[in-house]
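Below are the chains, spelled out letter by letter.
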Amino acid sequence: MADVEVTRDGAVQTITLNRPEKMNAFTRNLHAELLAALKQARDPEVRAVVVTGAGRAFCAGQDLTEFSETGDIGAALRATYHPNVLAVRALEKPVIAAVNGACAGAGLSFACACDIRIAADSASFVPGFIGIGLIPDAGGSYFIHRILGASRAFEWMTSNRRLTAAEAHAWGLVSEVVEADVLPARAAELASFYAELPTRGVAMTKRLFDHADSATLEEQLELEAQLQSVAVKTSDFREGVQAFLEKRPPRFTGS
Ligand code: LHQ
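Visitor: If you had to explain the sheet that holds strand E9 (residues 163-164) to someone new, which residues and values would you point to?
Guide: Taken together, four strands build an open sheet; the order of strands is E4-E6-E8-E9 and the sheet is mixed. The strands lining the two open edges of the sheet, one partner per strand, are strand E4 (57-59) and E9. Sheet strands touched by helix H3 (residues 106-113): E4, strand E6 (102-104) and strand E8 (124-126). Its angle to E6, the strand with the most contacts, is close to 95°.

Visitor: Describe the confidence of the model for the chain, and please don't skip the residues or the numbers.
Guide: On average, residues of the chain carry a pLDDT of 97, and 99% of them reach 70 or more. Between the elements of the chain, mean pLDDT differs from a low of 96, seen in helix H2 (residues 73-90), to a high of 99, seen in strand E5 (residues 95-99).

Visitor: Any details on the environment of Ala 231? Residues and values, ideally.
Guide: Relative to the helices and strands, Ala 231 is located in helix H9 (residues 217-231). We classify Ala 231 as buried; its relative accessible area is 16%. The spacing of Ala 231 and Gly 201 is 30 residues in sequence and 6.3 Å in space, taken between C-alpha atoms. Ignoring sequence-local partners within four residues, the contact set of Ala 231 consists of Met 204 and Phe 237.

Visitor: An account of the pattern of salt bridges is needed here, citing residue identities and associated values.
Guide: The final tally for this structure, using the stated rule, is 11 salt bridges. The residue Asp 115 makes a salt bridge to Lys 206 at a minimum N-O spacing of 2.9 Å. Highlighted residues: Asp 115 in the loop between H3 and strand E7 (116-120) and Lys 206 in helix H8 (residues 199-212), separated in sequence by 91 residues. Look at Lys 206 and you get buried, because its relative accessible area is 9%. With a closest N to O distance of 3.2 Å, Glu 167 and Arg 161 form a salt bridge. You can call Glu 167 partly exposed: its relative accessible area is 26%. Through salt bridges with shared partners, one network takes in Arg 89, Asp 115, Lys 206 and Asp 210.

Visitor: Please give an account of the state of the cysteines that cites residues and values.
Guide: This model, assessed by the stated rule, comprises zero disulfides. For Cys 103, which is in no disulfide, the shortest distance to another cysteine sulfur is to Cys 112 and amounts to 6.7 Å. A relative accessible area of 0% places Cys 103 in the buried class.

Visitor: Now, about the nonpolar core: what can you tell me, with residues and values included?
Guide: A general feature of soluble globular proteins is that nonpolar side chains tend to end up buried together. Formed by 48 residues in total, the largest nonpolar core has its most connected members in Val 99, Leu 108, Phe 125, Trp 156 and Leu 173. In this structure, Val 12, Ala 48, Leu 183 and Leu 190 belong to the second largest nonpolar core, which totals 14 residues.

Visitor: Tell me about the packing of H8 against H9, and name the residues and values.
Guide: Viewed as axis vectors pointing N to C, H8 and H9 meet at an angle of 170°, and their least axial separation amounts to 10 Å. Classified by the angle between their axes, H8 and H9 sit roughly antiparallel to one another. Contacts between H8 and H9 involve Arg 200, Met 204, Arg 207, Leu 208, His 211 and Ala 212 from the former and Glu 219, Gln 220, Leu 223, Glu 224, Leu 227, Val 230 and Ala 231 from the latter. For the contact of H8 with H9, the residue count by class is seven nonpolar, two polar and four charged.

Visitor: Outline the site of the ligand, listing residues and values.
Guide: Lining the immediate surroundings of the ligand are 22 residues, of which Ala 60, Gln 62, Leu 64, Phe 67 and Ala 106 lie closest. In this structure, Arg 56 approaches the ligand through a side-chain N or O atom, which is 3.2 Å from an oxygen atom. Taking Gln 62, its main chain carries an N or O atom lying 2.8 Å from a nitrogen atom of the ligand. Burial of the ligand by the protein chains amounts to 66% of its free accessible area of 1,000 Å². Contributions of two or more residues to the shell around the ligand are made by H2 and E6. The element that contributes the greatest number of residues to the shell around the ligand is H2, accounting for three residues. Residue classes in the shell around the ligand are distributed as 14 nonpolar, four polar and four charged.

Criteria and thresholds
- Residues numbered from 1 in each chain as written.
- Predicted model: local features only at pLDDT ≥ 70, side-chain atom pairs only at ≥ 80, totals over all residues.
- Heavy atoms only, no water.
- Pairing = 2+ DSSP bridges.
- Helix = DSSP H or I, 4+ residues; strand = E, 2+ residues; numbered from the N terminus.
- Contact = heavy atoms within 4.5 Å.
- Axes fitted to C-alpha atoms, helices over the stretch in contact; angles between N-to-C directions.
- pLDDT = per-residue confidence, 0-100.
- Buried < 20%, exposed > 50% of the residue type's maximum accessible area, 1.4 Å probe, protein only.
- Salt bridge = Lys/Arg side-chain N within 4 Å of Asp/Glu carboxyl O.
- Disulfide = S-S within 2.5 Å.
- Core = buried A, V, L, I, M, F, W, Y, C linked by side-chain atoms within 4.5 Å.
- Parallel < 35°, antiparallel > 145°, perpendicular 65-115°, else oblique.
- Nonpolar A, V, L, I, M, F, W, Y, C, P; charged D, E, K, R; others polar.
- Near = heavy atom within 4 Å.
- Polar contact = N/O pair within 3.5 Å; in protein donor to acceptor, adjacent residues only side chain to side chain.
- Areas by Shrake-Rupley, 256 points an atom, 1.4 Å probe, with all protein chains shown as cover.

If you want it as structure tokens, here you go:
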């Protein structure tokens, strides 16, 4: 059985981390299959992506039983985690993490690399790293710091406190919490909503916010100007204006 399952429903691709007996912990093989799934999601017909986990966990981070085999950790991170995190950020469509259960260590980092996080009420969020004497990796120090702010991020990542889904929602780590049995349906509904938006506009918004993290105001204004010049040339811009003038809902195609 594959460690990562990919399904397609219309313009929505769902990627399921599929090692339920190991809480979907990352192995080299899972990383490779995840990267292949993210490459598959580049298909222009795919306009929104959901990432979730099989069984009772979202992802427990690095499989600690494979840990000793990794040797040079820096090299292992560069070879396995980094390409997947960068692939999510480079994907020109929204990536929704549907956090169905425990989300720990690099699994938490990966969820935080996604554009949107929703959670089951049974989900929990565990830094993990400091519990085994490590530091946040796989982008954890980058994304969690940005989502929570420096002070809360430091306190959480060093205390290793397990957060409930409700607490994660109160902190702004997830945007929505639903009952566990309706999470797949809610994720599908949210992804369908996104898949019907002007995909290129959504993708360029993603790029702008990533750029804003390290840009000066002048640089950000310039990138806005450049990308808006692209956006006005899309069919979806023409359709949006036409639909507005005709007082009807727009039918965006993502082109
Ligand atoms: C696991 C794991 C796991 C294997 C639970 N591996 N079996 C990158 C590069 C290189 C090196 C190192 O690290 C990294 C990045 C990282 O991700 S470091 C952080 C690694 N992750 C952790 O430290 C998390 C460890 N796990 C936990 O804190 C808990 O197990 C969580 C919060 C995930 C789930 O808690 P519970 O729901 O209470 O379940 P449990 O603790 O009872 O675990 C269930 C089973 O899953 C258990 O096995 P067993 O045979 O007793 O049923 C665990 O050993 C196994 N498991 N995480 N990462």
